[in-house]
Amino acid sequence: MLNNTVLRSMPNPETITRAELPNGITVLAYENPDAKSVVLSGGLDCGGAINERPEHNGLAVMTAGALMRGTQNHDFQSLAASLEDVGADFGVSAGIHGVSFGGKALGEDLALLVDVMAEVLCRPTFPTDHIELLRREALTWMKYGLQDTRRQASKAFREALYDASHPYHYSPRGTLETLPGLSAAMLQAFHAQQYGPQGMTVVVVGNVRAAEVVALIQAKLGDWANPTQPVWSAVPSAPQVDELRRSFVPIPGKSQSDVILGVVGPSRKSEDFQAARMANSILGEFGMMGRVGENVRVKGGMAYYAYSKLEGGHGPGGWSIAAGVNPVNVDHAIELSVKEVRRMTEEFVTEEEISDNKSYFTGRMPLQLESNEGVAGTILSMMEYDLGLDYLVRMPDIINRLTREDVMEVIRRYWRPDAYVVSVAGPQA
Amino acid sequence: MSNVTKHVLDNGMTVLLKEVHAAPVVSWWVLYRIGSRNERTGQTGISHWVEHMMFKGTEQFPRQELEKMIDRQGGSWNAQTSFDYTAYFETMPADRIDLALRLEADRMQNVAFVPEEVASERTVIISEREGSENSPMFWLAEEINAAAFRVHGYHHEIIGDMADLKTMTRDDLYNHYHTYYAPNNAVAVVVGAFNSDEMLARIKELYGSIPARELPHPFARPEPEQNGERRVKVERPGSTAFLEMAFRSPAGNHADYFKLDVLISVLTGPSGPGGGNIDNKTSRLYRALVETGIAASVDGSLYPTVDPFLMSLTVTVSEGYTLEEAEAALEAQLERVRQGDITEAEVAKAKKQARASFAYSTEGVTGQAFWLAFCENIGSYTWFEDYIDRLDTVTLADVVEAAKAYLRPQSRVVGWLIPTGMGEDDEMEGDEDVE
């Protein structure tokens, strides 16, 4: 358990400076005078793949990727040089729900990071030659991914878990078919419609003064407005799997198969999330990858990695078990994994497992918050999921209230040992 | 950065301490001076396999308890095997670091290597290698190292050859452990929120009584001079071609290493401590190969090693271009550099980037402890402390001289990964798993 001194040292409403700009931007600053660097991290509520049409799949990711290719004040090389010349870095990416951005610099270069952020978010130019380069790079990596057993198992899993009407059915990266149809004009239009300050969050952590952070962002982004910016797009719910769905992606010439099996899980905002997080840790995370790791790796000797993962996030993300095994061991690995799921639906986990995992979740907080990136990511997450800036102080109590009854209940709510999706990619056994 | 203290215990164990009180955490590393470069044919991969066996526990820390106790205390732990070392670490909340000190002292002496556990870990390691084999680049890297090092132990992959993973015995593993896991073959580093006097006293209490062992002369045969370019071609299913060009690099503690550090920064972006934090879009080769559309990416690698190793340039060839075209474009740029076409501004930028990336890499206690242990192994922990100052002494003339000396075609290995197509799956739809 954490002592009170450590708890008080966690970022909390008294140590995080929060400012709301009139145009809807929330600025959060956390001073860490021991660091030499500053980390800037943030997100937009829109601009994600959920806002694109299936035939334009990849539009959001390509738009975000194109922002660093030129702005009204900088061409590609001068923008890159402004960062790289002082050892700074900044990037923008899009996911399903929205846009993420972030960078790092020495503390004295905070103004540069803010400048670049404002330039690329507000004034990109989408130069045609660079859009073509981006497309070529994306297609090259996409074709490379066709030979990647993990990616292909993951794709098959996603497509079987969510039907074509759900945004999680699609990868935000797009496809070999959709990317060639995306033009610079389409990227420009998507940016003009989607990107705006409403709901934008900027977190700055490091060797900076909070007041200076707020003033800088106010000066650079305070005037930004976009009347066409859409409101936050809620993610639709997804029906639970009610049968066993199995798919196989043949990839000849590989030594190993990747296996993913799972179900639809709770969102980060669901009341079930904390219990599910603990159940997931017991199933395939704690120690040497939990019960799944114990059976598939340690006792079975079948896999270097065998673990479970709870997506959480803004919508009903997957709750899955993944393993990389020799093709002849695929069925046995699935059998052992499902056996552990079944056991957790039929028997209470032990009091020791509950106690161990409570210590694990609360005890690791100092390590997670050691770096500027860790603090910035945690503050951003508290904002994104409406957890409150006092979440880290409250979190031990939330975790310590969980019981083994809660764990069994949440496993039973999401998992059925006879109804799940299993996807395998690799050579024929 | 100069508050490191070094102690050598009576049994020969080197101990480095550095107090950092920015956060209530402590990182503890124990590095053994034994890695894949010291492995003989028939026992390739033995250092890495022994590393796995160290997680099987001891009488004092049984396996099932061991796997949970660090997590339970809110810590993180892991291990790594490299060409030149095998290292273990725990990073813990400061008031719980004693567990890590006791654990590593026990693991230095009392791992049992139970035959059943050796057997189950054999298939885990084979699975790890099979997972690596799924990546076409693994095959190319394996062939390039084998071509570059005919004699020296850097010739095989750290994970080992499959033939050896199938045949090594429990006694082979135990003998390796019993021979090399000795205090006089170890570098221990602790960085974080502690009192140095108290910490050193505790380390002496736990490790001081572990007897030193007579260490065999390390198995490391020098690689003879290369007399002419070597080329390897690897054909694997897929549609993406890769080009790798590997040049001979000096050992990490050689004066020329720092000249090459600046050179590779000019070519492909910063690669020193923390270098991965900075993009490379203004680098020579990005502009010449990626910005022209010939390549989807270009990367450079220069790694400080105990013995001379390789400086590598890797190009992912774009759709629509051939390996021949990519190699010609790369060679044209290298020829410019060999002719002395490097600017003062590029050298100055490389130094600035190094300063920033170095600052990033020293902010966490785990990273600092790693680098101190790593550098002590290649010569002295002062390599890390003096890194920026030594880089600052490199001149434009030094970099030009290094380019001429080390980028010689006669001493390189050129590797092509030739994709043989997707076969029946040419029409598969591709994407990536991202949210």
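This is a predicted model, so every value here is computed, not measured. (Residues numbered from 1 in each chain as written. Chains lettered and ligands numbered in written order. Predicted model: local features only at pLDDT ≥ 70, side-chain atom pairs only at ≥ 80, totals over all residues.)

> Mind laying out the interface of chain B and chain A, listing which residues take part and the relevant values?
Taken together, the contacts link 62 residues of chain B with 68 residues of chain A. Broken down by secondary-structure element, the contributors of at least two residues to the side of chain B that touches chain A are α2 (63-72), β5 (86-93), α4 (115-133) and α12 (344-361) of chain B. Per-element accounting of the side of chain B that touches chain A gives the leading share, nine residues, to α4 of chain B. Residues belonging to the side of chain B that touches chain A are distributed by class as follows: 17 nonpolar, 22 polar and 23 charged. (Contact = placed C-beta atoms within 7 Å. Helix = DSSP H or I, 4+ residues; strand = E, 2+ residues; numbered from the N terminus. Nonpolar A, V, L, I, M, F, W, Y, C, P; charged D, E, K, R; others polar.)

> Could you give an account of the domain arrangement of chain A, with specific residues and numbers?
How big an interface is tends to be reported as the loss of accessible area on association of its parts. Residues and elements named next belong to chain A. Here the domain parsing of chain A yields domain 1 (9-221) and domain 2 (245-426). Distance between the C-alpha centres of domain 1 and domain 2: 28 Å. Listed per partner, the contact involves 32 residues of domain 1 and 37 residues of domain 2. Elements with a minimum of two residues in the side of domain 1 that touches domain 2: β2 (26-31), β3 (37-47), α6 (149-161) and β6 (201-206). Take the side of domain 1 that touches domain 2: its biggest share by element is nine residues, from α6. The residue makeup of the side of domain 1 that touches domain 2, split by class, is 16 nonpolar, 14 polar and two charged. (Domains from an automatic or database assignment.)

> Please provide a residue-by-residue account of the sheet that holds strand β7 (residues 245-250) of chain A, values included.
All names here are of chain A. Taken in spatial order, the five strands line up as β7-β11-β8-β10-β9 in an open sheet, and their pairing is mixed. In this open sheet, the two strands that pair with only one neighbour each are β7 and β9 (303-310). Taken over all neighbouring pairs, the strand axes of this sheet differ in orientation by 10° on average, direction set aside. As paired strands, β9 and strand β10 (residues 318-325) are joined by six bridges and run antiparallel to one another. If you follow leucine 310 over to β10, its bridge partner there is tryptophan 319. Packing of α6 onto the sheet brings it into contact with β7, β8 (257-264), β10 and β11 (421-426), and relative to β11 it is tilted by some 155°. Of the strands in this sheet, β9 and β10 touch helix α9 (residues 273-284), which is tilted by about 170° from β9. (Pairing = 2+ DSSP bridges. Axes fitted to C-alpha atoms, helices over the stretch in contact; angles between N-to-C directions.)

> Pulling in residues and values, what's your account of the pairing of β11 of chain A?
Residues and elements named next belong to chain A. For β11, the tally of buried residues reaches six of six residues, placing the bulk of the element in the interior. In this structure, β7 lies alongside β11, joined through six bridges in parallel fashion. Residue pairing in the sheet places proline 250 in a bridge with glycine 426 of β11. Bridge count for β8 against β11 is five bridges, and the pairing is antiparallel. Looking at β11, one finds that leucine 261 is bridged to valine 422. (Buried ≥ 20, exposed ≤ 12 C-beta atoms within 10 Å, placed from the backbone.)

> Break down the packing of helix α9 (residues 256-268) of chain B against helix α16 (residues 396-406) of chain B for me, with residues and values.
A pair of packed helices is captured by two measures, namely the crossing angle of their axes and the spacing between those axes. All names here are of chain B. Across the interface, α9 lies against α16 with an axial gap of 9 Å and an inter-helix angle of 95°. Compared by their axis directions, α9 and α16 come out roughly perpendicular. Between α9, through Asp256, Lys259, Leu260, Val262 and Leu263, and α16, the contact on the second element is made entirely by Asp398, Val399, Ala402, Ala403 and Tyr406. Of the residues contributing to the contact of α9 with α16, the split by class is seven nonpolar, no polar and three charged. (Parallel < 35°, antiparallel > 145°, perpendicular 65-115°, else oblique.)

> Summarise the environment of tyrosine 303 of chain B; cite the residues concerned and give the values.
Residue and element names in this part refer to chain B. With respect to the helices, strands and loops of the structure, tyrosine 303 is situated in the loop between β9 (295-302) and β10 (309-317). A count of 14 C-beta atoms within 10 Å places tyrosine 303 in the partly exposed class. In the structure, tyrosine 303 is positioned 59 residues away from glutamate 244 in sequence and 16 Å away in space, judged by C-alpha atoms.

> Requested: an account of the sheet that holds strand β5 (residues 98-106) of chain A, with residues and values cited.
Residue and element names in this part refer to chain A. Taken in spatial order, the six strands line up as β1-β2-β6-β3-β5-β4 in an open sheet, and their pairing is mixed. Edge positions in the open sheet fall to β1 (17-20) and β4 (89-94), since each of these has one partner strand only. Ignoring strand direction, the axes of neighbouring strands in this sheet form an average angle of 10°. Bridging between β4 and β5 involves six bridges; their strand directions are antiparallel.

> Quick one: what's the story with the packing of α9 of chain A against helix α16 (residues 404-414) of chain A, residue by residue and with numbers?
All names here are of chain A. Viewed as axis vectors pointing N to C, α9 and α16 meet at an angle of 90°, and their least axial separation amounts to 9 Å. For the element pair α9 / α16, the angle class is roughly perpendicular. Where α9 approaches α16, its residues Ala275, Ala276, Met278, Ala279 and Ile282 are matched on the opposing element by Asp406, Val407, Val410, Ile411 and Tyr414. Classifying every residue of the contact of α9 with α16 gives nine nonpolar, no polar and one charged.

> Give me the domain arrangement of chain B: which residues, what numbers.
All names here are of chain B. Domain annotation of chain B identifies domain 1 (4-207) and domain 2 (230-423). Computed from C-alpha atoms alone, the centre-to-centre distance between domain 1 and domain 2 is 28 Å. Residue-level contacts link 34 residues of domain 1 with 28 residues of domain 2. Of all the secondary structure elements, the ones that give two or more residues to the side of domain 1 that touches domain 2 are β1 (4-8), β2 (14-19), β3 (25-32), β5, α5 (136-148) and β6 (186-192). Among the elements that line the side of domain 1 that touches domain 2, the one with the most residues is α5, at eight residues. For the side of domain 1 that touches domain 2, the class distribution of residues is 23 nonpolar, five polar and six charged.

> I'd like to hear about the environment of phenylalanine 258 of chain B, residue by residue, with values.
Residue and element names in this part refer to chain B. As for its placement among the helices and strands, phenylalanine 258 is situated in helix α9. In this structure phenylalanine 258 comes out as buried when scored by C-beta crowding, with 26 C-beta atoms within 10 Å. Distance from phenylalanine 258 to arginine 390, taken between C-alpha atoms, is 7.0 Å for residues 132 residues apart in sequence. Dropping the residues within four chain positions of it, phenylalanine 258 is found in contact with Arg390, Leu391 and Val394.

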